[in-house]
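Summary of structural features
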Amino acid sequence: MSNNPFADAFITDNVSSAKDILFDYEVQYIDSNTIKSDSISKLEKKRKLFSVCNWVQNREHLFYYSMLRFYLLEEWMRKTNIHNVFHLELDNLIYYDPN
């Protein structure tokens, strides 16, 4: 693990499940429910305006959560004074070295 205590951070709404899945890694788990901001509150108030994907099992609120993750990341960066992050979506592939 890096000298930066936040180098390997994992933001999730289910810390115990994440620990079960990522038990081989030295990761700091951050409960997304502890991250609060005005912009997150505003987004939460508009949750009903997002399309619901009834055809996708366990991902009905896909569009809302897709947006929320960026607000959570932004607020976490602000609170931890982190300016550079590498955020990776699980459904993306990297075909070249980003360095």
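Description of the structure in this document. For clarity, every value in this text was computed on a predicted model and none was experimentally measured. The residue numbers shown here count from 1 along each chain, following its written sequence. Thresholds applied to this predicted model are a pLDDT of at least 70 for local features of residues and 80 or more for the giving and counting of side-chain atom pairs; totals over whole chains, interfaces and linings are not thresholded and use all residues. Note that water and hydrogens are dropped before the side-chain values are worked out from all heavy atoms of the structure.

So, on to the pattern of salt bridges. One side-chain nitrogen of Lys or Arg within 4 Å of one carboxyl oxygen of Asp or Glu is enough to make a salt bridge. All told, the structure shown has 2 salt bridges when counted by the stated rule. When the shortest N-O distance is used, the salt bridge between arginine 78 and glutamate 75 registers 3.1 Å. Of the two residues, arginine 78 and glutamate 75 are both situated in helix 3 (residues 62-80); the distance of 3 residues between them amounts to about one turn of the helix. A cluster of three or more residues bridged by salt bridges with shared partners is formed by Glu74, Glu75 and Arg78. Each helix corresponds to a stretch of at least 4 residues labelled H or I by DSSP, and each strand to a stretch of at least 2 residues labelled E; elements are numbered beginning at the N terminus.

Below, the discussion takes up helix 3. With 19 residues, helix 3 should cover 27 Å at 1.5 Å per step; its first-to-last C-alpha distance of 27 Å lies within 8% of that length. The classification of residues rests on relative accessible area computed with a 1.4 Å probe and restricted to protein chains. Under 20% of the type maximum is buried, over 50% is exposed, and intermediate values are partly exposed. Buried residues of helix 3: Tyr64, Leu68, Leu72, Leu73, Glu75, Trp76 and Met77, and no others. Contacts are residue-level and defined by heavy atoms, with any inter-residue pair within 4.5 Å sufficient. As for helix 3, its buried residues are in contact with strand 1 (9-12), strand 2 (28-31) and helix 2 (38-45). Following helix 3 by one or two positions, asparagine 81 adopts a phi angle in the positive range, close to 60°. The length a helix should cover is 1.5 Å for every residue beyond the first.

This part covers the pairing of strand 1. Across 4 bridges, strand 1 lies against strand 2 in parallel orientation. Following the sheet pairing, isoleucine 11 is matched in strand 2 by isoleucine 30. Only strands that DSSP links by at least two bridges are regarded as paired with each other.

Side-chain atoms within 4.5 Å are what join buried Ala, Val, Leu, Ile, Met, Phe, Trp, Tyr and Cys residues into a set we call a nonpolar core. With 11 residues, the main nonpolar core is built from Ile30, Ile35, Ile40, Leu43, Tyr64, Leu68, Leu72, Leu73, Trp76, Met77 and Ile82. Contributions of two or more residues to this core are made by helix 2 and helix 3. The dominant element in this core, judged by the number of residues it contributes, is helix 3, at 6 residues. In this structure leucine 68 touches Ile40 and Leu43, once residues within four positions along its chain are discounted.

In this structure, asparagine 81 takes a positive phi of about 60° despite not being glycine. Overall, the relative accessible area of 56% leaves asparagine 81 in the exposed class.

Paired rings are identified among Phe, Tyr and Trp, the last through its six-membered ring, by centres lying within 6.5 Å, and are further divided according to the angle between planes into stacked (under 30 degrees), edge-to-face (over 60) and tilted (the rest). Counted by the stated rule, this structure contains 3 aromatic pairs. The interplanar angle of 75° and the centroid separation of 6.4 Å between the aromatic rings of phenylalanine 10 and tyrosine 29 together place this pair among those described as edge-to-face. In this pair, phenylalanine 10 sits in strand 1 while tyrosine 29 sits in strand 2, placing the two residues 19 residues apart along the sequence. Looking at tyrosine 29, the relative accessible area reads 19%, which means it is buried. Taking 5.7 Å as the distance between ring centres and 75° as the angle between the ring planes, the aromatic pair formed by phenylalanine 50 and tyrosine 64 counts as edge-to-face. Here phenylalanine 50, found in the loop between helix 2 and helix 3, pairs with tyrosine 64, found in helix 3; they are 14 residues apart in sequence, far enough to count as distant. On the accessibility criterion, phenylalanine 50 (22% relative accessible area) is partly exposed. Take tyrosine 64: its relative accessible area is 4%, and that puts it in the buried class. Within the aromatic cluster, the residues linked to one another by ring pairs are Phe50, Tyr64 and Tyr65.

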